[in-house]
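Spelled out, the chains give:
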Amino acid sequence: MTELPARRLLLVHAHPDDESITTGATMAKYAAEGAHVTLVTCTLGEEGEVIPDGLAHLAADRDDSLGAHRVGELAAAMKEVGVTDHRFLGGPGRYRDSGMMGVEQNDRPGAFWSADLDEAAAHLVAVIREVRPQVLVTYDPDGGYGHPDHIQAHRVAMRAADLAADPAFHADLGAPHTIDKIYWNRAPRSVVEERFRWMSGALRHSPFGTPAAVADVPGVTDDERITAEIDGRPYKAAKAAAMAAHVTQITVSGPLFILSNELAQPIFDVEYYELVRGEASAEGTARETDLFAGVERVTDMAEVTAQ
Ligand SMILES: [Zn+2]
């Protein structure tokens, strides 16, 4: 069995660009610190709207070649944050972007939203049993903002975490592995509100006109639910560069960005999480500042090899 770095972090996201927007600084930090960071993206984001006019032909209702293009954007983004292990669930194109909730693409054959849960989870079980992460990051049950692929990414990640630990599930996919800590990607309401107040002034110095609303930020929740905050300020530039690499989806200007709806949002360089499985190691009501805090089994591979 090959040796893996002591700390191993797995992130499960729905489309190329989600990883950079919501967890880019966290990924950059752990990669820089020598942890093994694995990104699993569930779809190619084929249904995304395209910002640059020159690339508009890629869209699903024209050439329908956006997915292949976004594979390249994701690779460029991962270079910016120093993550070399990035994969697509079941391989590139196995699951297709389902589009927004309620559109006919939800039911299209191959759409991630209509995927069989255990079949999709089995692809992730194979990754979990291979890289043996102590920490998993994914979305809350609403997928952060109700997008079908984000909800499905949450379901698949949670299901795969259970199945990966179950010796009775697909022994052919590798030795069982239990993930120590599972976090949902979140944003504390008071911080988001404060940043939006700040942005109303910052917009004067930016090319963007209209601000987004607090509700447009994925995962906004009550402050009390946040159990961990990762200070990504040293990785602010890397995060912004990763976001900007998603050229068809994001335009970055200084500390702000827009999606295809052209509504300005602040880039968060501190990223927030809610621990939903495992022990929080911070004292009292303090937030953890390290997703691996309290994880003891950093030499898990050695145990596995010894068996
Ligand atoms: Zn997404």
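As annotated in an unreviewed UniProt entry, the protein chain is 1D-myo-inositol 2-acetamido-2-deoxy-alpha-D-glucopyranoside deacetylase from Streptomyces venezuelae. Here is the UniProt Sequence similarities (unreviewed entry) comment for the protein chain, exactly as written: "Belongs to the MshB deacetylase family." Per UniProt, the protein chain carries the Catalytic activity (unreviewed entry) text "1D-myo-inositol 2-acetamido-2-deoxy-alpha-D-glucopyranoside + H2O = 1D-myo-inositol 2-amino-2-deoxy-alpha-D-glucopyranoside + acetate".

Chemist: Even after reading the chapter, I still don't get helix α6 (residues 236-245), so can you show me in this structure?
Modeler: Each turn of an α-helix holds 3.6 residues, which means side chains three or four residues apart point in the same direction. Looking at α6, one finds that the buried residues are Ala238, Lys239, Ala240, Ala242, Met243 and Ala245. Against α1 (18-32), α2 (66-81), β8 (251-253), β9 (256-258) and β11 (270-277) lie the buried residues of α6.

Chemist: Which parts of the structure should I look at to understand the pairing of strand β1 (residues 8-13)?
Modeler: Regular strands place their side chains on alternate faces of the sheet. With six of its six residues buried, β1 lies for the most part within the structure. In β1, alternate side chains face the same way, and those of Arg8, Leu10 and Val12 on one face and Leu9, Leu11 and His13 on the other are all buried. Looking at chain direction, β1 and strand β2 (residues 36-41) are connected through six bridges and run parallel. Its bridge partner lying in β2, Val12 is registered against Val40.

Chemist: Help me out: how do you make sense of the nonpolar core in this one?
Modeler: The nonpolar side chains of a soluble globular protein tend to be buried with one another. Within the largest apolar cluster, 31 residues are counted, with the highest numbers of intra-cluster contacts made by Leu10, Val12, Leu89, Phe112, Leu124 and Leu136. When contributions to this core are tallied by element, the ones reaching two or more residues are β1, α3 (117-131), α4 (148-165) and β5 (181-188). Among residues more than four places away in sequence, those in contact with Val12 are Val40, Cys42, Leu124, Leu136, Val137, Thr138, Tyr139, Ala153 and Ala157.

Chemist: Could you clarify how one ought to interpret the pattern of salt bridges in this entry?
Modeler: Oppositely charged side chains are able to pair whenever their charged atoms sit close together. This structure, assessed with the given rule, holds 19 salt bridges. Between Arg7 and Glu33 there is a salt bridge whose closest N-O contact spans 3.2 Å. Of this pair, Arg7 sits in the segment before β1 while Glu33 is found in the loop between α1 and β2, placing the two residues 26 residues apart along the sequence. Note on Arg7: relative accessible area 22%, which makes it partly exposed. By relative accessible area, which is 37% here, Glu33 ends up partly exposed. Salt-bridge contacts for Glu33 lead to Lys29; the nearest nitrogen and oxygen are separated by 3.0 Å. One salt-bridge network, in which partners are shared between bridges, spans Asp140, Arg186, Arg225 and Glu274.

Chemist: How should I be thinking about the sheet that holds strand β10 (residues 264-266) in this particular structure?
Modeler: Pairing between the strands of a sheet is mediated by backbone hydrogen bonds and can be parallel or antiparallel. Spatial ordering of the open sheet is given by β8-β9-β10, a layout of three strands whose pairing is antiparallel. Single-partner strands in this sheet number two, and they are β8 and β10. Shown here is a sheet whose adjacent strand axes are inclined to one another by a mean of 30 degrees, direction ignored. In this structure, β9 lies alongside β10, joined through three bridges in antiparallel fashion. When the bridges of β10 are listed, Ile258 appears paired with Ala264. Those strands touched by helix α5 (residues 189-202) are β9 and β10, and its axis lies near 125 degrees from that of β10.

Rules used throughout
- Residues numbered from 1 in each chain as written.
- Predicted model: local features only at pLDDT ≥ 70, side-chain atom pairs only at ≥ 80, totals over all residues.
- Heavy atoms only, no water.
- UniProt positions renumbered as here; feature names shortened; annotations may be inferred.
- Buried < 20%, exposed > 50% of the residue type's maximum accessible area, 1.4 Å probe, protein only.
- Helix = DSSP H or I, 4+ residues; strand = E, 2+ residues; numbered from the N terminus.
- Contact = heavy atoms within 4.5 Å.
- Pairing = 2+ DSSP bridges.
- Core = buried A, V, L, I, M, F, W, Y, C linked by side-chain atoms within 4.5 Å.
- Salt bridge = Lys/Arg side-chain N within 4 Å of Asp/Glu carboxyl O.
- Axes fitted to C-alpha atoms, helices over the stretch in contact; angles between N-to-C directions.

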